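Now for the letters of each chain:
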Amino acid sequence: LRTGIGRTKGQRIAEIDTIFTPVDKIAARGCLVGTGIDYAGTAKKPDAVEQICEALDRAKSRREVLVLYSHNISDKGPGHYLPPGALRKILAHAKTIGLPAIGYDDLP
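Keep in mind that what you see is a predicted model, and the values were worked out from it rather than measured. (Residues numbered from 1 in each chain as written. Predicted model: local features only at pLDDT ≥ 70, side-chain atom pairs only at ≥ 80, totals over all residues. Heavy atoms only, no water.)

A. Inspection of the pattern of salt bridges at higher detail. Throughout the structure, instances matching the rule amount to four salt bridges. Between R12 and E54 there is a salt bridge, with its nearest N and O atoms 3.0 Å apart. Here E54 lies in helix α1 (residues 48-62) and R12 lies in the loop between β1 (2-4) and β2 (20-22), a separation of 42 residues in the sequence. Residue classification places R12 among the partly exposed residues on the basis of a relative accessible area of 23%. Among the residues examined, E54 registers a relative accessible area of 31% and is labelled partly exposed. Taken together, the shared-partner salt bridges connect R12, E50 and E54 into one network. (Salt bridge = Lys/Arg side-chain N within 4 Å of Asp/Glu carboxyl O. Helix = DSSP H or I, 4+ residues; strand = E, 2+ residues; numbered from the N terminus. Buried < 20%, exposed > 50% of the residue type's maximum accessible area, 1.4 Å probe, protein only.)

What follows is the structure, encoded as structure tokens:
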């Protein structure tokens, strides 16, 4: 299962400890907490891609799983959306640092 959590004003994504789970504790958790990344890289959340990459760096260095989610991959929606360009930047950074992007089916 996945549940979501927001962040307080001024809090960086890498500071939300509940969205990070140590790799060796994944199997024991029935529910993982994540945070939404809709609007990353848009005027609404201009620094979100940078913050997501910072969070990926934390996950890699601490051997953690980071749960991120979005609704629609689109430049304008409908509804909540993540622009394809932002997603490409996020995935490219993950690849550069050697952090795999996996789905829930791939977790232990």
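B. View of unusual backbone geometry. At the junction of G77 and P78, the peptide bond is cis and its omega measures out at 20 degrees in the coordinates. When you line up the elements, P78 lands in the loop between β6 (72-73) and β7 (81-82). Despite not being glycine, Y39 has its phi angle at roughly 70 degrees, a positive value. Within the secondary structure, Y39 sits in the loop between β3 (32-36) and α1. In this structure, R63 takes a positive phi of about 55 degrees despite not being glycine. Here R63 falls in the exposed class, since its relative accessible area comes to 60%.

C. Up close: the packing of aromatic side chains. By the definition in use, this model includes one aromatic pair. Centroid distance Y39 to Y81: 5.1 Å. Interplanar angle 80 degrees. Geometry classified as edge-to-face. You can see Y39 sitting in the loop between β3 and α1 and its partner Y81 sitting in strand β7, a full 42 residues away along the chain. Here the two residues Y39 and Y81 agree in accessibility, since each one is buried. The ring centre of Y39 lies 4.1 Å from the NZ or CZ of K44, which sits over that ring. (Phe/Tyr/Trp six-rings, centres within 6.5 Å; stacked < 30°, edge-to-face > 60°. Lys NZ or Arg CZ within 6 Å of the ring centre and 35° of its normal.)

D. Geometry of the nonpolar core. If you look at the biggest cluster of nonpolar residues, it comprises 20 residues, and the most contacted ones within it are A40, I52, L56 and L66. Mapped onto this core, the elements with two or more residues apiece are α1 and α2 (84-97). Per element, the largest residue contribution to this core is seven residues, and it comes from α1. Among residues more than four places away in sequence, those in contact with L66 are I19, F20, A55, L56 and A59. Membership of the second largest hydrophobic core comes to five residues, among which are I26, L32, V67 and L107. (Core = buried A, V, L, I, M, F, W, Y, C linked by side-chain atoms within 4.5 Å. Contact = heavy atoms within 4.5 Å.)

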